[in-house]
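The primary structure of each chain is shown beneath.
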Amino acid sequence: MPKDTELVYVQSDAVNTIVKVFNKTEESLAEDVLNLKNWMKCQHHLPEILDDKSVQNFLILNKYNIEKAKAKIDMYYTFRSQVPDLVKNINPRCSVMKEVATLVYIVLLPKMTKDMYRVFVAKCRTKDKLDQIDVYDVLKMAVNLQEIRLKEDIMFGDVIIFDLEGTSVRFLSKLTPTFLMTFITLYKKVYSLPLKGVYLINSVPYVETILTIVKALVTPKLFGRIHVCKDANILKEHFPLEMLPKDYGGTEKSIEELHELYPLKYQEYQDRFDLLDKLRVNESLRPARLADENDEFLGYHGNFKKLEID
């Protein structure tokens, strides 16, 4: 894939640093990636064989558990077949997605944390029409971004900054239990992205209601990683200034400057997004029932029982 537009910085020794945590080498990682691709070739229900970098990321994000990586690779394709509403009009060239991009920022910070987690920021770009937005379209933006990350990024997991400035009670009320569960499940069951921390900055009173819902959906350990702050000052306490955008007193590019890079990057990957519109699993060729972990998401053999979209 072309990489003319650089969204994130990946240090040259990142792979070697990460595999050492799992007592592996770059050579053994390459061998396991090949083994996973060979496994994919035997899964005739899958529509393609993933590229090396994507397979590598699935393996690393699943803490080098090969069986879990297999389940997540399967789910990467399966959810597109089983949750058609979630991938309808998801292509970045669709007018709906272009409209959402004028209303919301979802950007990655170019530099990683010192312990190799990637930070991304979600923020209202303009109040105009924000209350009319479909929050599932915002989720689609994150799914598209993850597609690029699979090809270009490498990290142990994520830190999320939700900047609530400019949001309204009406918009936040759309974050229903069903939506929040869908977001959490995609994060965990499809993309295997461990969450190091969540920062809700420029908080508003209604966020307490949302947190009550979230507390019922996640583990106490994960809920303990959520930080609610009335302003953005906490970011300077947890992140170096060279990481933070100018918007938060840092020296990195502003969120607007970073946001302007994304249409260019999506154009570079347009062929991939067009292909994803067509890629679906063929359940008639599936060699065995889904793994238990996948069943929890999709229900038995892909009946989307637990996460029906509002």
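Residues numbered from 1 in each chain as written. Predicted model: local features only at pLDDT ≥ 70, side-chain atom pairs only at ≥ 80, totals over all residues. Heavy atoms only, no water.

In the nomenclature of an unreviewed UniProt entry, the protein is known as CRAL-TRIO domain-containing protein of Zophobas morio.

Chemist: Could you clarify how one ought to interpret the overall build of the protein in this entry?
Modeler: The number of helices and strands found in the protein is 16 helices and five strands. Against the globule reference of 19 Å for 310 residues, the protein gives a C-alpha radius of gyration of 19 Å, in line with a compact fold. Overall, the C-alpha framework of the protein stretches about 50 × 45 × 40 Å when taken along its three principal axes. Counting across all 310 residues of the protein, residues that qualify as buried make up 54%. A separation of at least 24 residues holds for 76% of the contacts in the protein among residues at least 6 apart in sequence. As presented, the protein carries roughly 14600 Å² of accessible surface, and 52% of it is formed by carbon and sulfur atoms. The centroid of the 44 positive side-chain charges in the protein is displaced by 3 Å from the centroid of its 45 negative side-chain charges. (Helix = DSSP H or I, 4+ residues; strand = E, 2+ residues; numbered from the N terminus. Rg over C-alpha atoms; globule rule 2.2 N^0.38 Å. Buried < 20%, exposed > 50% of the residue type's maximum accessible area, 1.4 Å probe, protein only. Contact = heavy atoms within 4.5 Å. Areas by Shrake-Rupley, 256 points an atom, 1.4 Å probe, with all protein chains shown as cover. Lys, Arg positive; Asp, Glu negative; His and termini not counted. Charge placed at Lys NZ, Arg CZ, Asp CG, Glu CD.)

Chemist: What is the right way to read the pairing of strand 4 (residues 195–201) from this model?
Modeler: Looking down a regular strand, the side chains alternate between one sheet face and the other. In terms of residue burial, strand 4 counts as a mostly covered element, since six of its seven residues are buried. The pairing of strand 4 with strand 5 (residues 226–228) spans three bridges and is parallel. Bridging across to strand 5, Tyr-199 finds its partner in His-227. (Pairing = 2+ DSSP bridges.)

Chemist: Looking at this structure, how should I read the environment of Leu-130?
Modeler: Within the secondary structure, Leu-130 sits in the loop between strand 2 (117–124) and helix 7 (135–152). On the basis of relative accessible area, Leu-130 is assigned to the buried category, the value being 2%. When neighbours within four sequence positions are excluded, Leu-130 is seen to be in contact with Leu-103, Val-104, Cys-124, Gly-166, Thr-167, Phe-171 and Lys-174.

Chemist: Hey, could you run me through the confidence of the model for the protein in this one?
Modeler: Close inspection of predicted coordinates is inappropriate in any region flagged by low pLDDT. Taken over all residues, the pLDDT of the protein has a mean of 90, while the share at 70 or more is 92%. The secondary structure element of the protein with the lowest average pLDDT is helix 16 (residues 292–298), at 52, and the one with the highest is helix 15 (residues 270–276), at 97. Within the model, the stretch residues 299–310 combines pLDDT values under 50 with 30 contacts to residues more than four positions away or in other chains. (pLDDT = per-residue confidence, 0-100.)

Chemist: How should the packing of aromatic side chains be read in this particular structure?
Modeler: Within a pair of aromatic rings, the relevant descriptors are the distance that separates the centres and the angle that separates the planes. Applying the stated criterion across every chain, the model contains 12 aromatic pairs. With a centroid separation of 5.7 Å and an interplanar angle of 70°, the aromatic rings of Phe-58 and Tyr-76 are classed as edge-to-face. Taken as a pair, Phe-58 in helix 3 (residues 52–61) and Tyr-76 in helix 4 (residues 66–82) lie far apart in primary sequence, 18 residues in all. As far as the burial class goes, Phe-58 and Tyr-76 line up, both buried. Taken together, Phe-22, Tyr-64, Tyr-117 and Phe-156 form an aromatic cluster joined through their ring pairs. (Phe/Tyr/Trp six-rings, centres within 6.5 Å; stacked < 30°, edge-to-face > 60°.)

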